[in-house]
Amino acid sequence: MNWDITGMAAVANIGASPREIFAALCAGQESRKPLRAFAPDKYRAAYAYEIDDRPEGGGDIPRRATRWLTTVIRQAVADAGLGEDLSHVPVLVGTTMREQRSLELWWRDHADVALEDLHFGTALKETFGASTTYTFANACSATLCALGMATDMIELGMADTVVVAGTDAATESGFGTLDRVQNDIPDALHPFDATHKGMLMGEGAAAVVVQRAGTGHGPVHARVRGVSMNCDAHHATAPDPDGITSAVIDAYSRAGVRAQDIDLVMLHGSGTPRNDATESSVLSRIFHGVGTGPRMTAIKAMTGHTLGGSGLLSLLMAVLAMKEGTVPPVLGLTDPIPEATGLDLVQGTPASGDLTIAQIDAFGFGGINAVAIVEAASQC
């Protein structure tokens, strides 16, 4: 069974729409900025990939993640030709931190934050009349897990249309934890490059409208062929190659494709040595013997790690890559790690080609793995 993507929206540090973000990725300009949200003298890391919407002079404001969430949902449903009344449309939200930053501001600065403000469902009901909302805190795989849940809901006859979204703002507790547990602190996020040292936080939100194939009233951006997810629970932070391999193979089975059918892989690419090596090794085995293999890229080199929404943001960039026949490069990739030998990582400038089937990877702490397969709109 297939599902149509009829609406898309996103916001990140490099753009306020999917096309703005995609254009910035293709331009390949450095996008990291000096840390603004928190006092930089407290941390080893001096940079982040923040959205520039804070007051002049620094500081932070509550409910930024919620504001981005309602913005991208409004834009996505408009793109799909739907009204803003979502009283009969399920809304599934993937996140890592939820509104934890607002809680921090309440605790430290006595910000005006009510308990109900910490739940995305409150704003979704107030803004869209949404009565069926679910929030999935599935680490960095959250939005692809939510996408898989959406396709299940449609296949089971629970809905014909589902909105899937994700959002995360940088939190001081999360930033500080990473700052202390990573052995090395990067000045920039450089996935799959020999100079990679670890991840840096990004901020953003993304949303899609998913509908039963053929039931929408507007253009189809792409089609979801299948979504796989598992939790191997191998380790709290270290990725497990067997768990990732199982997720990829199951995604192919659900989508009815083979490794040789994949034209593009949007890599998880967190920039941590362990993740980059594991993901590269798994894909080297998956695509061994299938010719040159698919083109591969990793957008976190420019967006930072946008946490729960990162999988869906990568999916939107895959959709645009297939529309344009263009794959943006991995910013800063000049010396690929040995495990990536033989993989067609796009470097330097965008790569062109016919792209029909894309694979999107998202791997989270605790062994929460998700892989989605999407098909170009021209094939729908």
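A quick note: this is a predicted structure, and the numbers were derived from the prediction, not measured.

1. Structural notes on the pattern of salt bridges
Evaluated as defined, the whole model comprises 22 salt bridges. The residue Arg 54 makes a salt bridge to Asp 60 at a minimum N-O spacing of 3.0 Å. For the salt bridge of Arg 101 with Glu 172, the shortest nitrogen-to-oxygen distance reads 3.7 Å. One end of the pair, Arg 101, is in helix α3 (residues 100-109); the other, Glu 172, is in helix α6 (residues 172-181), and 71 residues separate them in sequence. Residue class for Glu 172 comes out buried when judged on its relative accessible area of 12%. One network of salt bridges, in which partners are shared, links Glu 50, Asp 53, Arg 54, Asp 60, Arg 64, Arg 67, Arg 101, Glu 104, Arg 108, Asp 109, Glu 172 and Glu 203.

2. Here's the deal with the state of the cysteines
All told, the structure shown has zero disulfides when counted by the stated rule. The closest cysteine sulfur to the non-disulfide-bonded Cys 140 is located on Cys 145, 11 Å from its own sulfur. What makes Cys 140 buried here is its relative accessible area of 10%.

3. Some words on the pairing of strand β7 (residues 204-212)
The element β7 is extensively covered by neighbouring structure, given that nine of its nine residues are classed as buried. With eight bridges connecting them, strand β6 (residues 161-168) and β7 associate as antiparallel partners. If you follow Ala 165 over to β7, its bridge partner there is Ala 207.

4. Remarks on the environment of Glu 324
Residue placement: Glu 324 occurs in helix α10 (residues 310-324). It is 32 Å that separates the C-alpha atoms of Glu 324 and Lys 197, two residues lying 127 residues apart in sequence. Apart from the residues within four sequence positions on either side, Glu 324 is in contact with Arg 19 and Phe 22.

5. A closer look at unusual backbone geometry
At Arg 98, a position not held by glycine, the phi torsion is positive, near 55°. Along the polypeptide, Arg 98 turns up in the loop between β4 (91-94) and α3. With a relative accessible area of 34%, Arg 98 lands in the partly exposed category. Phi angles above zero are rare outside glycine, and His 110 is one such case at about 60°. On the secondary structure map, His 110 appears in the loop between α3 and α4 (120-128). Taking the relative accessible area as the measure of exposure, His 110 reaches 67% and is therefore exposed.

6. Concerning the packing of aromatic side chains
The tally for this structure, following the rule as stated, stands at four aromatic pairs. Ring centres 6.4 Å apart and planes at 70° place the aromatic pair Phe 38 and Tyr 43 in the edge-to-face group. Exposure remark for Phe 38: the relative accessible area of 3% places this residue in the buried category. The class of Tyr 43 is buried, set by a relative accessible area of 12%. With 5.3 Å between their ring centres and 80° between their planes, Tyr 43 and Phe 175 make a pair best called edge-to-face. Separated by 132 residues along the polypeptide, Tyr 43 in the loop between β2 (33-34) and β3 (47-48) and Phe 175 in helix α6 bring together distant segments of the chain.

7. Observations regarding the nonpolar core
Core analysis: the largest hydrophobic core is formed by 86 residues, its most contacted members being Leu 147, Val 164, Tyr 252, Phe 287, Leu 315, Met 317 and Ile 373. Examining the composition of this core, we find that ten residues originate from one element, α10, more than from any other. In contact with Leu 315, not counting residues within four places along its chain, are Ile 5, Leu 144, Leu 147, Ile 360, Ala 372 and Val 374. Counting 25 residues, the second-largest nonpolar core is a separate cluster that includes Ala 9, Val 11, Ile 51 and Val 163.

8. Notes on the environment of Arg 295
Considering the arrangement of structural elements, one finds Arg 295 in strand β10 (residues 295-297). When its relative accessible area of 26% is taken as the criterion, Arg 295 is described as partly exposed. Every residue in contact with Arg 295, bar those within four places of it in the chain, is listed here: Asp 263, Leu 264, Val 265, Val 327, Asp 344, Val 346, Ala 351 and Ser 352.

9. Here's the deal with empty space enclosed by the protein
On inspection of all chains with the given rule, the structure shows one cavity of 30 Å³ or more. Lining the largest cavity, in full, are Ala 45, Phe 175, Leu 178, Asp 179, Gln 182, Ile 185, Pro 186, Met 199, Leu 200 and Met 201. Partitioned by chemical class, the residues of the lining of the largest cavity number eight nonpolar, one polar and one charged.

10. Looking at the packing of helix α7 (residues 241-255) against helix α8 (residues 273-286)
Close contact between α7 and α8 brings their axes to 10 Å; oriented N to C, the two are set at 45°. One finds that α7 runs oblique with respect to α8. Note that α7 runs across α8; the crossing there is right-handed. Side by side, α7 and α8 meet where Pro 241, Ile 244, Thr 245, Val 248, Ile 249 and Tyr 252 of the first sit next to Thr 278, Val 282, Arg 285 and Ile 286 of the second. Of the residues in the contact of α7 with α8, the class split is seven nonpolar, two polar and one charged.

Calculation criteria
Residues numbered from 1 in each chain as written. Predicted model: local features only at pLDDT ≥ 70, side-chain atom pairs only at ≥ 80, totals over all residues. Heavy atoms only, no water. Salt bridge = Lys/Arg side-chain N within 4 Å of Asp/Glu carboxyl O. Helix = DSSP H or I, 4+ residues; strand = E, 2+ residues; numbered from the N terminus. Buried < 20%, exposed > 50% of the residue type's maximum accessible area, 1.4 Å probe, protein only. Disulfide = S-S within 2.5 Å. Pairing = 2+ DSSP bridges. Contact = heavy atoms within 4.5 Å. Phe/Tyr/Trp six-rings, centres within 6.5 Å; stacked < 30°, edge-to-face > 60°. Core = buried A, V, L, I, M, F, W, Y, C linked by side-chain atoms within 4.5 Å. 1 Å grid on protein atoms, 1.4 Å probe; cavity = no way out; pocket = protein on both sides within 12 Å on 5 of 7 lines; lining within 4 Å. Points joined across faces, edges and corners; volume = space filled by probe spheres on them. Nonpolar A, V, L, I, M, F, W, Y, C, P; charged D, E, K, R; others polar. Axes fitted to C-alpha atoms, helices over the stretch in contact; angles between N-to-C directions. Parallel < 35°, antiparallel > 145°, perpendicular 65-115°, else oblique. Left-handed = near helix turned anticlockwise from the far one by under 90°.

The values reported here are purely geometric and, on their own, carry no functional implication.
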